[in-house]
Amino acid sequence: MSSRPRLSLDGPWQFWTDTSASLSPATLEMEQAVIIAVPAPIQAQFDDLHFFTGAAWYRRHIEIPAEWLEDVVMLHFGAVDYFADVWINDAHVGRHEGDYLPFEFDITDALHAGENTVTVRIDDPAALFAEIPHGKQGWYGPLSGIWQSVWVERRAPLHTRAMHLLPNLQTGCVAARLAFSTPAGERHRARVVITDGDGQQVTAEELSISPGAESAEVTLAVANPRPWSPDAPNLYTAEVTLLRDEEVSDSFSDQFGFRTIEARDGRLYLNGEVLFLRGALDQDYYPDTICTPPSIEFLEDQLLKAKALGLNCLRCHIKVADPRYYEVADRLGMLVWTELPNWSVTTEDSARRGKETLEGVVARDWNHPSIIIWTIINEGWGMNLMNDHTHRAWLKGMYQWMKALDPTRLVVDNTPTLGSFHVQSDLEDYHFYENIPDHRGGWDTFVNRFAGRFAYTYSPYGDAERTGQEPLLVSEFGNWGLPDVDLLLDEQGREPWWFETGMEWGNGIMYPHAIHLRFYRYHLDKVFGSWKAFIEATQWQQFYALKYEIERMRRHPQIIGYVITELTDAHWECNGLLDMRRNPRVFYDQFASINADTVLIPEWQRTAYWSGDAVRVGLAAAHAAGTPIQSASVQWSLEGDSANGNCAVPELSAGTAAELDPIGFHAPQVAEPALRKLNMEMHSTEGDRLASSHLWLSIYPKREVSINPEAAIWTPYSALQHALAALGYPVTSNPQEAKLIVTSEMTHMGANFIREGGHLLLLADGADALGGKNFLGIELAGRNGTILQGDWASSFGWVRREGPFARLAGGPLLDHSFDAIIPNYVLLGFGLYDLEAHVPSGLFVGWIHKVAALIGRRRYGKGKMVATTFRLAGANLGVDPTATTLLDALIEYTLTD
């Protein structure tokens, strides 16, 4: 037999759940059976089983040709979650435990020629969940059943069970370790042939197999091996043929690549050349099949889109992927950082299962050149690293064991965030989330400290092994942009089932169901104009948040890579560069310009200017990898204006950044507030574009506000009094003469003033601004330390650009021109009708939840109050056009009925 005939068992199986705890297929009640598709989790296929745990049965019939019984027939499962008992006809042929790894049974003796019955009982007990590697099943729901492919295969009694290839890029040698199914007999030998990507034979070796041997090794030499990389994914095929005398009994092949990965002197090196890791987290979840890839074509499309976004690495997140995932990454060229799924509680059993899973993954996926990094634990999940020294010791021991097991790849012990740390690791990585533009300063502080190797990435308990040369990577960061849910509906127009999940996360803000209803219920159509405009606005905010975060990291060449959260949305997490169905975000065509080895980095103190103001924008260039850049220059221009210029770029070698001459010009004259795009491009002397960037500037016409001289303003604060006077407002020192009070705290005097017909503008930027728990049913809530902060599920602040607020440039979402005044508080207590008529500015979180006001108006007695949490009391009024224009608009809004 020269090949391995295979019968696929993918497709329809009979299926039924089991509450009887019976372990005998003879007791099954066949009339209860329904049809289930294999492969795919149970939870993906039945409306009433989305959160199924427990036992279930699968059954199907297969036709076995009589000649197959002359050899060995193997039944192979790609992966079954969690326990699997298998019967052929009435004979129990084996049991397997585990979620992610392949297993197979010799079923020859249980078969007969013709029709046979395969029965599988799976059991996924909830009681065991905390102590098994389950990964994101703790977030998105359990997975059970036969979720990878199944097949029956005819093989020779002596066949190659595994082939472990160890290619050496420098020498071209390939060490092949062969494992056999049974001890070899007399006169067996093996022939190993290596072919290149064009199918041409490049080398071959033949060896005799000693009688009784269960394994063999041979080394082959490939002349001038072509290295594998994302830019040139050169693959070779090794085929081993087993012969007895001159008769071929078995053949088996696998692909591999010549690839090296190193971490030294604070940098990463791929095939000896500097590598800058431009990665994205990939949950490896799919829209209809949860964890089962729909097809090779789907994987190919996803990966090509990832490459078009400028990515060179995917961090396959706490998941053992279907082997096809790695096959496509090998073939199309994508680095993979893959991770052991976490458990919830570290016990002797969970630690054992974790180690066994990791060992099995390394064995299964050894030959894939795309895999360059293994992670053992994510964010300390399932471990108590802070308080249990035995957990830290186990983690260090696992790192050292893993390095010995696979010295060809990098190993990360624990990829940490606040509350966890490294003990010993090849990489010094960290996770950090800040909502941009709201917390730009927090991101800057983090990046500056991380680039300087802050202390708390490693264990503070004296047991860390840290060289100080581990490459620095920000391995998780990101922001949300909402998907267009119309693109996620099925053919019948129904929402995905997972829209009804997420309620338990983040105090309810992860709940997608009825987002359309909330959009209209909260009158956001009046703010954004349409659903499409709203979705696009959130996605553009996501783009500019990521742009800013990436640019800040690129200012520090010590940071040699990052991993964006994430490649695709995953159920209710909406921080993907693609949505759950792999539809691109609106910025798809632009993203590669900021996610590249060579980038331009604008820097600014502010982005809003009055016409005629001197504009100054700092500029830097970073070159992370590749050949040095020599004799390049940057050209810049302001769209819609004659302002332009250029500057020289000094020589940039891989892993360097340089300050360039700043951009300077005077803001153009405009009749109305406008956004103007400052474009920057780097070109070589040959005219090739090497990098590009842009920055939006808000330009305001010289301030002209019609001020009613009888509308006297009183404020109890001298600094604000002087600022209002400088802006031309009629300021009085006598509150009895005032028509408008501007204050930062509600007092009895202020309440009386409103009740008697006055107007009051409350700058509510402080915990005591309302003078108590609430005023007129309005409550003040701080954002810091709450879900309103928006650092995980992003918050979106907006101003409705109508009436006096139409004088604000841009919109409706807050952009960097609001940096200095973005609120730390929100106003609660405004109802649905208020949101339509009395709330010109607000904020929501995630899937339009926790809707609150940033500006709200309420009548009281004969007068009214307008409250805002924008930080205007300490703003640079007169100089900052955004703050000044907003204050002007608020005063007009307060005085106008």
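Residues numbered from 1 in each chain as written. Predicted model: local features only at pLDDT ≥ 70, side-chain atom pairs only at ≥ 80, totals over all residues. Heavy atoms only, no water.

Draft legend 1. Up close: the overall build of the protein chain. Within the protein chain, the secondary structure is distributed over 14 helices and 48 strands. The dimensions of the protein chain, computed from C-alpha atoms along their principal axes, are 110 × 70 × 55 Å. Counting all 897 residues of the protein chain, 60% fall into the buried class. Intrachain contacts of the protein chain at a sequence separation of at least 6 include 70% that bridge at least 24 residues. For the protein chain, the accessible area works out to roughly 33800 Å², and carbon and sulfur atoms hold 49% of it. On the protein chain, the mean spot of the 71 positive side-chain charges and the mean spot of the 115 negative ones are 6 Å from each other. (Helix = DSSP H or I, 4+ residues; strand = E, 2+ residues; numbered from the N terminus. Buried < 20%, exposed > 50% of the residue type's maximum accessible area, 1.4 Å probe, protein only. Contact = heavy atoms within 4.5 Å. Areas by Shrake-Rupley, 256 points an atom, 1.4 Å probe, with all protein chains shown as cover. Lys, Arg positive; Asp, Glu negative; His and termini not counted. Charge placed at Lys NZ, Arg CZ, Asp CG, Glu CD.)

Draft legend 2. How the structure looks around the pattern of salt bridges. Tallied over the full model, the rule gives 49 salt bridges. Here Lys396 and Glu465 are joined by a salt bridge, their closest N and O atoms 3.6 Å apart. Of this pair, Lys396 sits in helix 5 (residues 389-405) while Glu465 sits in the loop between helix 6 (440-451) and strand 29 (472-477), and the two are 69 residues apart along the sequence. The class for Glu465 is partly exposed, based on a relative accessible area of 41%. Residues Lys526 and Asp525 are paired through a salt bridge, measuring 3.7 Å at the closest nitrogen-oxygen approach. For Lys526, a relative accessible area of 43% translates into the label partly exposed. Three or more residues are tied together by salt bridges with common partners; here these are Arg6, Glu104, Glu153 and Arg155. (Salt bridge = Lys/Arg side-chain N within 4 Å of Asp/Glu carboxyl O.)

Draft legend 3. Quick peek at the packing of helix 6 against helix 9 (residues 531-554). With their axes 10 Å apart at the nearest point, helix 6 and helix 9 run at an angle of 30 degrees to one another. The orientation of helix 6 with respect to helix 9, classified from their angle, is roughly parallel. Handedness of the crossing formed by helix 6 with helix 9: right-handed. Contacts from Arg440, Trp443, Asp444 and Val447 in helix 6 reach Tyr548, Glu549, Arg552 and Met553 in helix 9. In terms of residue class, the contact of helix 6 with helix 9 is made up of four nonpolar, no polar and four charged. (Axes fitted to C-alpha atoms, helices over the stretch in contact; angles between N-to-C directions. Parallel < 35°, antiparallel > 145°, perpendicular 65-115°, else oblique. Left-handed = near helix turned anticlockwise from the far one by under 90°. Nonpolar A, V, L, I, M, F, W, Y, C, P; charged D, E, K, R; others polar.)

Draft legend 4. Geometry of helix 2 (residues 296-308). Between its terminal C-alpha atoms helix 2 stretches 18 Å, which fits the 18 Å expected from 13 residues at 1.5 Å a residue. Among all positions in helix 2, only Phe298, Leu299, Gln302, Leu303, Lys305 and Ala306 are buried. For helix 2, the buried positions fall inside an angular range of 155 degrees around the axis, keeping them on one side. Looking at the buried residues of helix 2, the elements they touch are strand 23 (277-282), strand 24 (313-316) and helix 3 (323-332). (Expected span 1.5 Å × (residues − 1). Arc of directions from axis to C-beta.)

Draft legend 5. Main features of the nonpolar core. Counting residues in hydrophobic clusters, the biggest one holds 200 residues, and the most contacted among them are Leu311, Leu524, Phe534, Phe591 and Phe870. Looking at which element gives the most residues to this core, the answer is helix 9, with ten residues. In contact with Leu311, not counting residues within four places along its chain, are Arg278, Gly279, Ala280, Ala306, Met334, Ile564, Leu567, Leu577 and Asn595. If you look at the next biggest cluster of nonpolar residues, it comprises 32 residues, including Phe52, Ala84, Phe105 and Ile107. (Core = buried A, V, L, I, M, F, W, Y, C linked by side-chain atoms within 4.5 Å.)

Draft legend 6. Representation of the side chain of Thr565 within the structure. Of note, Thr565 is situated in the loop between strand 30 (559-564) and helix 10 (591-594). Here the side chain of Thr565 touches Tyr433 through a polar contact of 2.7 Å, side chain to side chain. Those residues in contact with Thr565, other than ones at most four positions away along the chain, are Leu281, Tyr433, Glu476, Phe477, Gly478, Asn479, Asn575 and Trp792. (Polar contact = N/O pair within 3.5 Å; in protein donor to acceptor, adjacent residues only side chain to side chain.)

Draft legend 7. Region of the structure containing the packing of helix 2 against helix 3. Where helix 2 meets helix 3, the closest approach of the two axes is 10 Å, and the angle between their N-to-C directions is 50 degrees. If you check the angle between helix 2 and helix 3, you find them oblique. In this structure, helix 2 crosses over helix 3, and the sense of that crossing is right-handed. Two secondary-structure elements touch here, helix 2 through Ile296, Leu299, Glu300, Gln302, Leu303, Leu304 and Lys307 and helix 3 through Arg324, Tyr325, Val328, Ala329, Arg331 and Leu332. Residues belonging to the contact of helix 2 with helix 3 are distributed by class as follows: eight nonpolar, one polar and four charged.

Draft legend 8. Summary view of the state of the cysteines. Applying the stated rule across the entire model yields zero disulfides. Among the cysteines around Cys313, which has no disulfide bond, Cys316 carries the closest sulfur, lying 10 Å off. For Cys313, a relative accessible area of 0% puts it in the buried group. Cys316 supplies the cysteine sulfur nearest to Cys574, a cysteine that is in no disulfide, at a spacing of 20 Å. (Disulfide = S-S within 2.5 Å.)

Draft legend 9. The environment of Ala711, seen in detail. Position of Ala711 among the secondary structure elements: in the loop between strand 38 (689-700) and strand 39 (713-714). For Ala711, a relative accessible area of 7% puts it in the buried group. Here Ala711 is in contact with Pro730, Lys739 and Leu895, once residues within four sequence places are set aside.

Draft legend 10. Seen up close, unusual backbone geometry. With an omega dihedral of 5 degrees, the bond running from Val38 to Pro39 counts as a cis peptide bond. Along the chain, Pro39 falls in the loop between strand 3 (34-38) and strand 4 (54-64). In the segment running from Thr565 into Glu566, the intervening peptide bond is cis, with an omega of 10 degrees. Its place among the elements puts Glu566 in the loop between strand 30 and helix 10. Not every positive phi belongs to a glycine, and Leu776 is a case in point at roughly 55 degrees. Locating Leu776 in the fold gives a position in the loop between strand 42 (774-775) and strand 43 (778-782). Exposure remark for Leu776: the relative accessible area of 22% places this residue in the partly exposed category.

Draft legend 11. Examining the sheet that holds strand 33 (residues 614-623) more closely. Pairing is antiparallel across the open sheet formed by three strands, whose spatial order is 31-33-36. Edge strands, defined here as strands with exactly one partner in the open sheet, are strand 31 (598-603) and strand 36 (656-666). Averaged over neighbouring strand pairs, the angle between their axes works out to 25 degrees when direction is ignored. Bridge count between strand 31 and strand 33: six bridges; the pairing is antiparallel. Directly across from Val599, in strand 33, lies its bridge partner Ala622. With respect to the sheet, helix 9 is in contact with strand 31, strand 33 and strand 36, its orientation differing from that of strand 31 by roughly 105 degrees. (Pairing = 2+ DSSP bridges.)

Draft legend 12. The arrangement of the side chain of Asn378 in detail. With respect to the helices, strands and loops of the structure, Asn378 is situated in strand 26 (residues 371-378). Of the polar contacts made by the side chain of Asn378, one reaches the side chain of Arg315; its length is 2.7 Å. Not counting chain neighbours up to four residues away, the residues in contact with Asn378 comprise Arg315, His317, Ile318, Asn414, Thr415, His431 and Glu476.

Draft legend 13. Inspection of the sheet that holds strand 32 (residues 608-610) at higher detail. The strand order across the open sheet built from five strands is 32-38-37-34-35, with neighbouring strands paired in mixed fashion. Edge positions in the open sheet fall to strand 32 and strand 35 (644-649), since each of these has one partner strand only. Mean inter-strand twist for the sheet, computed between neighbouring axes without regard to direction, equals 25 degrees. Relative to strand 38, strand 37 (residues 674-683) runs antiparallel, the two being bridged by ten bridges. Looking at the pairing, Met680 lines up with Ser693 of strand 38. Contacting strand 32 and strand 38, helix 14 (residues 881-895) crosses the sheet at an angle of about 75 degrees to strand 32.

Draft legend 14. Looking closely at the packing of aromatic side chains. Counting across every chain of the model gives 57 aromatic pairs. Ring geometry for Trp139 and Trp572: centres 5.9 Å apart, planes at 20 degrees, overall stacked. With a gap of 433 residues between them, Trp139 in helix 1 (residues 137-140) and Trp572 in the loop between strand 30 and helix 10 connect regions that are remote in the sequence. Residue Trp572 is classed as buried on the basis of its relative accessible area of 0%. Aromatic ring contacts, followed pair by pair, group Phe276, Tyr430, Phe432, Trp443, Phe446, Phe450, Phe454, Tyr456, Phe477 and Tyr562 into a single cluster. (Phe/Tyr/Trp six-rings, centres within 6.5 Å; stacked < 30°, edge-to-face > 60°.)

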